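# Survey of secondary and tertiary structure
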Amino acid sequence: MFDAALRPYVDRVTDPVGRWCAARGISASMVTVFGFACGLAAALAVVMGMMLVAFVLILLNRFCDGLDGAVARATAPTDFGGFLDIVFDFIFYAMVPFGFALYDPANALAACFLVVSFFGTAVSFLAFAVMAERRRISSRERGVKSFYYLGGLTEGGETIILLLAMTVMPQWFVYFAFGFGTLCSITAASRILEARKLLG
């Protein structure tokens, strides 16, 4: 919901770092892979109950998610880089709730609900991107992207806040998961309605 408004501020931070990385031969895909490794390590830290470590690793993962785009803009964006970025993003989003389910089996039902809700937002997002490409529909509201980003109630910014809040207050995981999962379901439904309007 807030991603478009936050984008200029994010770019202001990541673009100089992206140019610095590009000048030293660090590719966007290298940043993407490193960020993904941090994300997997964050999920493992959750399983082990190391919530502060998980908090830091989630922040690092999300910083890399913005930085890889900045490096790509400073060099030459590739289709594979865009593909890798979104695939690793959604795996990361699912791994953190999975980590909480392993950390405490009492979280399992809520974690499953959240992952299924993430799946709904992911499918509605990616399926529209395919159709938008076929129809040559484009938007730069969220910056220069590899494909069309259809917004919604729950986007990247809100998801980051959720994941960080879960590590700060793990005892509230069930409430966070069911609440945010419901918002994700609303997002998927709104995207279906938006797609009906734009593609119908």
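Keep in mind the model is a prediction, meaning the values are calculated, not measured.

### What about the overall build of the protein?
When you go through the protein residue by residue, the secondary structure sums to 7 helices and 0 strands. Ordered by position from N to C terminus, the α and β elements of the protein give α-α-α-α-α-α-α. Residues counted as buried form 42% of the 200 residues belonging to the protein. Sequence separation of at least 24 residues holds for 78% of the intrachain contacts in the protein that already meet a minimum separation of 6.

### Some words on the environment of phenylalanine 173
Here phenylalanine 173 shows up in helix α7 (residues 173-199). Its relative accessible area of 0% is what places phenylalanine 173 among the buried residues. Those residues in contact with phenylalanine 173 that sit more than four places away from it in its chain are Pro97, Phe100, Asn107, Ala110, Ala111 and Met166.

### Description of the side chain of arginine 191
Along the chain, arginine 191 turns up in helix α7. Judged by its relative accessible area of 6%, arginine 191 is buried. There is a polar contact of 2.9 Å between the side chain of arginine 191 and the backbone oxygen of threonine 121.

### What about the pattern of salt bridges?
Considering all chains together, one arrives at 4 salt bridges under this definition. In this structure, the salt-bridge partner of aspartate 15 is arginine 73, at a minimum N-O distance of 2.8 Å. A residue pair is termed long-range when its members are at least 10 positions apart, and aspartate 15 in helix α1 (residues 3-23) and arginine 73 in helix α3 (residues 51-74) qualify at 58 residues. Since its relative accessible area comes to 22%, aspartate 15 is described here as partly exposed. With a relative accessible area of 33%, arginine 73 lands in the partly exposed category. Between aspartate 65 and arginine 62 there is a salt bridge whose closest N-O contact spans 3.3 Å. Of the two residues, aspartate 65 and arginine 62 both sit in helix α3, 3 residues apart, roughly one turn of that helix. The class for arginine 62 is buried, based on a relative accessible area of 10%.

### Description of the packing of aromatic side chains
The full count for this structure, using the stated rule, is 11 aromatic pairs. Measuring from centroid to centroid gives 6.0 Å for tyrosine 93 and phenylalanine 118, while their planes differ by 45°, and the two rings are tilted. Taken together, the residues span a long stretch of sequence, with tyrosine 93 in helix α4 (residues 79-103) and phenylalanine 118 in helix α5 (residues 108-134) at a distance of 25 residues. Relative accessible area serves as the criterion here: at 7%, phenylalanine 118 is assigned to the buried category. Between the aromatic rings of phenylalanine 100 and tyrosine 103, the centroid separation amounts to 6.5 Å while the plane-to-plane angle is 90°, which identifies the pairing as edge-to-face. Of the two residues, phenylalanine 100 and tyrosine 103 are both situated in helix α4; the distance of 3 residues between them amounts to about one turn of the helix. We classify tyrosine 103 as partly exposed; its relative accessible area is 37%. Members of the aromatic cluster, connected to one another through ring pairs, are Phe90, Phe92, Tyr93, Phe118, Phe125 and Phe180.

### What about the side chain of threonine 167?
In this structure, threonine 167 sits in helix α6 (residues 156-168). Setting aside residues up to four positions removed in sequence, threonine 167 forms contacts with Met51, Ala54, Phe55, Ile58 and Phe100.

### Some words on a nonpolar patch on the surface
A contiguous nonpolar surface patch, about 620 Å² in accessible area, is contributed by Leu44, Val47, Met48, Met50, Val53, Phe98 and Leu102. Residue assignment for the nonpolar patch shows that the elements contributing at least two residues are α2 (28-47) and α4. Relative to the elements of secondary structure, leucine 44 occurs in helix α2.

### Describing the nonpolar core
Counting 25 residues, the largest nonpolar core has Phe100, Leu114, Phe118, Leu162, Leu163, Met166 and Phe173 as its most contacted members. Discounting residues that sit within four places of it in the chain, phenylalanine 118 has contacts with Tyr93, Pro97, Thr159, Leu162, Phe180 and Cys184. Within the second largest apolar cluster, 8 residues are counted, among which are Cys21, Ala28, Leu67 and Val71.

Rules used in this analysis
Residues numbered from 1 in each chain as written. Predicted model: local features only at pLDDT ≥ 70, side-chain atom pairs only at ≥ 80, totals over all residues. Heavy atoms only, no water. Helix = DSSP H or I, 4+ residues; strand = E, 2+ residues; numbered from the N terminus. Buried < 20%, exposed > 50% of the residue type's maximum accessible area, 1.4 Å probe, protein only. Contact = heavy atoms within 4.5 Å. Polar contact = N/O pair within 3.5 Å; in protein donor to acceptor, adjacent residues only side chain to side chain. Salt bridge = Lys/Arg side-chain N within 4 Å of Asp/Glu carboxyl O. Phe/Tyr/Trp six-rings, centres within 6.5 Å; stacked < 30°, edge-to-face > 60°. Patch = residues over 30% accessible without salt bridge, like charges linked within 9 Å, V, L, I, M, F, W, Y side chains within 5 Å. Areas by Shrake-Rupley, 256 points an atom, 1.4 Å probe, with all protein chains shown as cover. Core = buried A, V, L, I, M, F, W, Y, C linked by side-chain atoms within 4.5 Å.

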